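# Structure assessment
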Amino acid sequence: MNKVVELENTEFNTPIFFVEEFSDNKIYIKRDDFIPFSFGGNKARKAAYFYKDIIKNNSDCVVTYGSGSSNHCRIIANMCKSMGIECYVVSPLEAGEETMNTILVKKFGAHITCVPVNEVHDTLENIMSELRKNGKNPYQILGGGHGDLGTAAFVDAYQEILEFENKNNIKYDYIFHASGTGTTQAGLVCGQLINNKKDQTIVGISIARKCPQGRNVVKESIISYFNSCNIEMDDSKIEQKLVFTDAYRLDGYGEANSQIYAEINNMIENHGIPMDSTYVGKAYWGMKQYILDNNIKNNNILFIHTGGTPLFFHELIK
Ligand SMILES: *Cc1c(COP(=O)(O)O)cnc(C)c1O
C-alpha cells in the first residue's frame, strides 16, 4: 500500500478570512475547499479519518456509494488510487447527469455499478460478500462519509475554528454551512457542545432534506458520536444547539434558482471564490436569506466552504 501524504496529517487548519459585509454583518469564510487532497472539501476532511482506519484495519479495497455529482466518491476513488487499492462505487441510476466528479471517479479507475436506487443496499452487500469470498478484506464507507469517523473530522474542524477565534481575538456569533447527510453539522455541533460554547449558533442550511427527517438524522449522528466516545450529553442541550433549516432547499437536491446563480457569479467575479449550485452556492445564498429573514445584524458570521470545486467547473462549461 502506498502512502497518501496529504491525508496522513489531519491538522489541515484551513484559512479563514473576511469576505464581505452583508446587512450590517461581517461575513468570514473558512476555505475547506483548500484541503490539499483531490480538490479538498468536507469529504476530504472525512477521508483522512477513513484513510487511517483503512490502514488500521489492513483493508485492501473500499466499497462505497454516491451519485454522479458526489464529491465523496471522487475523493474516495482518488484516495484508493493513491493507496494502490481497488475502489467499488455503487451509483443510483436515478442520480442524473455525469459531472466532472463522475469523470474523475472513472479516471481514478473505480469500478462503478449503476443500479436503481432501491437496489443500492443489496448491491453493496453483494459486492462486499463477493470480495470477502475472494479472500479480500473490504472496507465499507457510507455515502457522503456518514458515520462517527466523519463526525469526528468536524469535531476537529470546530477545534480549528475555536483556535482561530482565540488567536485572532474574534468571536463568531454564527456559523453557517451546507448540510446534506448531516455529518458535517453533527461534528460542528458536537465540538460546540464539548467546548460548552453558549453564545454561538451553528445553522445547517439543508440542501436536500426536509424537516423533521433531515434534522433527526443530524441528531442521531450527534448522539451516536457522543456514545462512541462515552461522553454524556443532555438531550436538552443537543436540542437547543441543533439548528437545521429546510427553508432554502427549494425543490430538493440539485435544485437551484436564478438568485443562487447570481450569488455564484458574484462570488467568483468579486472574490475569486468558486461555489457550486448543489451545495456551497445554495448554502451561501440560503445563509443570506436566513440573515434577512431573521433580521440578524451586527454579528460576525463564519461560512464554511465545504468544497465541490469540480462541480463549479462542471457548471461553468454547461
Ligand atoms: C457532501 C457535501 C456537503 C454536505 O455535507 P454532509 O456532511 O453530508 O452534511 C456540503 N458541501 C459539499 C461540497 C459536499 O460535497
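Report on the accompanying structure. (Residues numbered from 1 in each chain as written. Predicted model: local features only at pLDDT ≥ 70, side-chain atom pairs only at ≥ 80, totals over all residues. Heavy atoms only, no water.)

### Examining the sheet that holds strand β5 (residues 111–115)
As summarised here, the arrangement of the four strands in space is β5-β4-β3-β6, forming an open sheet in which the pairing is parallel. A strand with exactly one partner marks an edge of an open sheet, and here the two such strands are β5 and β6 (138–141). Sheet twist, expressed as the average angle between the axes of neighbouring strands with direction ignored, equals 20 degrees. Across four bridges, strand β3 (residues 61–65) lies against β6 in parallel orientation. Opposite V63, over in β6, you have Q140 as the bridge partner. The strands that helix α2 (residues 42–57) touches are β3 and β6; relative to β6, the one it contacts most, it runs at about 155 degrees. Contacts between helix α3 (residues 71–83) and the sheet are confined to β3, β4 (86–92) and β6, with β3 contributing the most and set at about 170 degrees to the helix. (Pairing = 2+ DSSP bridges. Helix = DSSP H or I, 4+ residues; strand = E, 2+ residues; numbered from the N terminus. Axes fitted to C-alpha atoms, helices over the stretch in contact; angles between N-to-C directions. Contact = heavy atoms within 4.5 Å.)

### Observations concerning the nonpolar core
Counting 57 residues, the largest nonpolar core has L7, V62, I76, M79 and I222 as its most contacted members. The leading source of residues in this core is helix α6 (residues 148–168), at eight residues. Setting aside anything within four residues of it in sequence, one finds I222 in contact with A186, V189, C190, I238 and L242. F22, A283, Y284 and M287 belong to the second largest nonpolar core, which has 29 residues in total. (Core = buried A, V, L, I, M, F, W, Y, C linked by side-chain atoms within 4.5 Å. Buried < 20%, exposed > 50% of the residue type's maximum accessible area, 1.4 Å probe, protein only.)

### Some thoughts on the side chain of R45
Tracing the sequence through the fold places R45 in helix α2. Judged by its relative accessible area of 1%, R45 is buried. Other than its neighbours up to four places away in sequence, R45 contacts F12, T14, K30, D32, I35, A153, F154, A157 and E160.

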